[in-house]
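The residues making up each chain are set out below.
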Amino acid sequence: MDFEASCPAFASAPWPRAAAATLRRVVRSVADVADGLRALLLCLLALLALAAFSVQAVDTDRIVKSAQKYGPTGVANAKALQQMMASLAGKDDTTRIKAVNDFFNQRLAYMEDIDNWGVQDYWASPLESLGKGAGDCEDYAIGKYFTLTTLGVPHAKLRMVYVRASIAGAPNGYVAHMVLAYYPTPEAEPLVLDNLIPTIHPSGERPDLLPVFSFNAEGLWQGVGSIRANGDPMVRLSKWRDAVMHARQDGFQ
């Protein structure tokens with residue numbers, strides 16, 4: 001930094017020669033330090049960006065590797081998931097939730113647990129569902145949840161929601177169902193990611209769904225509001241705890 005060139009008044013001021021020379025050296029030293037700090041900051045920001053990119057790459061590679069135990073269908077679907085996740089790097093949440101919602105709605109065929117797993121109720125991890133190429137409502141929601149959190153969407157913005165879905169011809173007029181809710185802000189009306197209706201809508205536009213309770217990896221709520229229910233979801237919901245454990249073992253966050 002040439003202080004005299006940038007401040008002509010300094011050069012023409014009637015300073016004693018020794019004092020002026022000393023002041024010039026001090027100013028130049030300060031400028032050199034500032035330039036050095038700026039360079040260091042830019043370097044640190046670049047390293048942080050590189051580290052974030054590397055973590056993401058390692059995670060998706062781990063997911064594909066983990067898919068090998070679920071057979072050829074699992075590997076093929078995991079590679080497609082990896083490509084989709086890579087395409088969403090740097091995208092906003094709106095783009096991410098639409099892409100992830102579409103991916104699982106298109107990749108999974110609906111199948112009841114008794115036909116898919118041989119038991120009445122099983123909550124599959126994302127790779128378990130992709131290995132089968134099929135799942136029920138919980139499996140769609142779980143796959144979307146963990147793909148979004150792995151992409152960097154905070155757990156606090158997502159909730160699994162147990163609902164009563166109005167279905168024509170169903171006993172009592174409704175069926176038990178699970179969807180994923182996305183909250184842009186804590187007090188915002190959530191958006192509903194569903195496999196019954198593939199397009200995403202605000203919860204107010206889904207009068208066919210009656211929320212009973214909601215949960216994520218951090219808490220449990222009554223309905224979809226802010227009223228907390230008692231207990232740890234990892235303790236009260238054993239199937240959820242198992243799904244979280246399996247998803248994290250496979251490389252999801």
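Reading the values: rules and limits
- Residues numbered from 1 in each chain as written.
- Predicted model: local features only at pLDDT ≥ 70, side-chain atom pairs only at ≥ 80, totals over all residues.
- Heavy atoms only, no water.
- Helix = DSSP H or I, 4+ residues; strand = E, 2+ residues; numbered from the N terminus.
- Buried < 20%, exposed > 50% of the residue type's maximum accessible area, 1.4 Å probe, protein only.
- Contact = heavy atoms within 4.5 Å.
- Areas by Shrake-Rupley, 256 points an atom, 1.4 Å probe, with all protein chains shown as cover.
- pLDDT = per-residue confidence, 0-100.
- Expected span 1.5 Å × (residues − 1).
- Pairing = 2+ DSSP bridges.
- Axes fitted to C-alpha atoms, helices over the stretch in contact; angles between N-to-C directions.
- Left-handed = near helix turned anticlockwise from the far one by under 90°.
- Nonpolar A, V, L, I, M, F, W, Y, C, P; charged D, E, K, R; others polar.
- Parallel < 35°, antiparallel > 145°, perpendicular 65-115°, else oblique.
- Core = buried A, V, L, I, M, F, W, Y, C linked by side-chain atoms within 4.5 Å.

Caption draft 1: Spotlight on the overall build of the chain. Helix and strand content of the chain: ten helices and eight strands. The burial tally for the chain puts 39% of its 253 residues in the buried class. For the chain, restricting intrachain contacts to residue pairs at least 6 apart in sequence, the fraction spanning at least 24 positions comes to 53%. When the accessible surface of the chain is split by element, carbon and sulfur atoms take 61% of a total near 13,600 Å².

Caption draft 2: Seen up close, the environment of K65. When you line up the elements, K65 lands in helix α3 (residues 17–66). Distance from K65 to A78, taken between C-alpha atoms, is 8.7 Å for residues 13 residues apart in sequence.

Caption draft 3: Local environment of the confidence of the model for the chain. Overall, the predicted model of the chain reaches an average pLDDT of 84, with 76% of residues at or above 70. When the criterion is pLDDT under 50, residues 43–58 qualifies, and its contacts beyond four places in sequence or with other chains add up to three contacts.

Caption draft 4: Structural detail: helix α8 (residues 137–150). In a regular helix each residue adds 1.5 Å, so 14 residues correspond to 20 Å; α8 covers 20 Å between its end C-alpha atoms and thus fits that length. The element α8 is largely enclosed, with a buried count of 14 among its 14 residues. Where α8 terminates, the next one or two residues include G152, which has phi positive at roughly 110 degrees.

Caption draft 5: Quick peek at the pairing of strand β7 (residues 209–215). Examined bridge by bridge, strand β3 (residues 158–166) and β7 share six bridges and lie antiparallel to one another. Residue pairing in the sheet places V161 in a bridge with S214 of β7. Two strands pair when backbone bridges link them, and β7 and strand β8 (residues 220–222) are joined in this way by three bridges, in the antiparallel orientation. Within β8, the position partnered with F213 by the bridge is Q222. What sits between the antiparallel neighbours β7 and β8 is a turn of four residues.

Caption draft 6: Summary view of the packing of helix α5 (residues 93–107) against α8. Viewed as axis vectors pointing N to C, α5 and α8 meet at an angle of 140 degrees, and their least axial separation amounts to 9 Å. When you trace α5 past α8, the crossing you get is right-handed. Across the interface between the two elements, R96, I97, V100, N101, F104 and N105 of α5 pack against Y140, G143, K144, T147 and L148 of α8. A class-by-class count of the residues in the contact of α5 with α8 yields five nonpolar, four polar and two charged.

Caption draft 7: Spotlight on the packing of α8 against helix α10 (residues 238–249). Packing of α8 against α10 leaves a shortest axis separation of 11 Å and a crossing angle of 45 degrees. Considered as vectors, α8 and α10 are oriented oblique to each other. The element α8 and its partner α10 pack so that their crossing is right-handed. Taking contact as the criterion, the partners of I142, Y145 and F146 in α8 are, on α10, W240, A243, V244 and A247. The residue inventory of the contact of α8 with α10, partitioned by class, reads seven nonpolar, no polar and no charged.

Caption draft 8: Molecular detail of the nonpolar core. Core analysis: the biggest nonpolar cluster contains 42 residues, and L81, M160 and W240 have the highest contact counts within it. Mapped onto this core, the elements with two or more residues apiece are α3, α4 (71–87), α5, α7 (126–132), α8, β3, β4 (174–182) and α10. Ranked by residues supplied to this core, first place goes to α8 with seven residues. Counting residues in each nonpolar core, the second largest holds eight residues, with V163, A165, A181 and Y183 among its members.

Caption draft 9: Main features of the side chain of S66. As for its placement among the helices and strands, S66 is situated in helix α3. In this structure, S66 is in contact with L127, Q249 and D250, ignoring residues within four places of it in sequence.

Caption draft 10: Spatial organisation of the environment of F252. Turning to its location among the elements, F252 is positioned in the segment after α10. Along the backbone, F252 and L148 are 104 residues apart, and their C-alpha atoms lie at a distance of 9.4 Å. With residues near it in sequence (within four places) discarded, F252 still touches I63, L81, P126, L127, F146, T147, T150 and A247.

Caption draft 11: How the structure looks around the sheet that holds strand β5 (residues 191–193). With antiparallel pairing, the six strands of this open sheet are ordered in space as β6-β5-β4-β3-β7-β8. Of all the strands in the sheet, the pair left with one neighbour each is β6 (201–202) and β8. Along the sheet, α8 contacts β3, β4 and β5; its crossing angle with β4, the most-contacted strand, is approximately 5 degrees.

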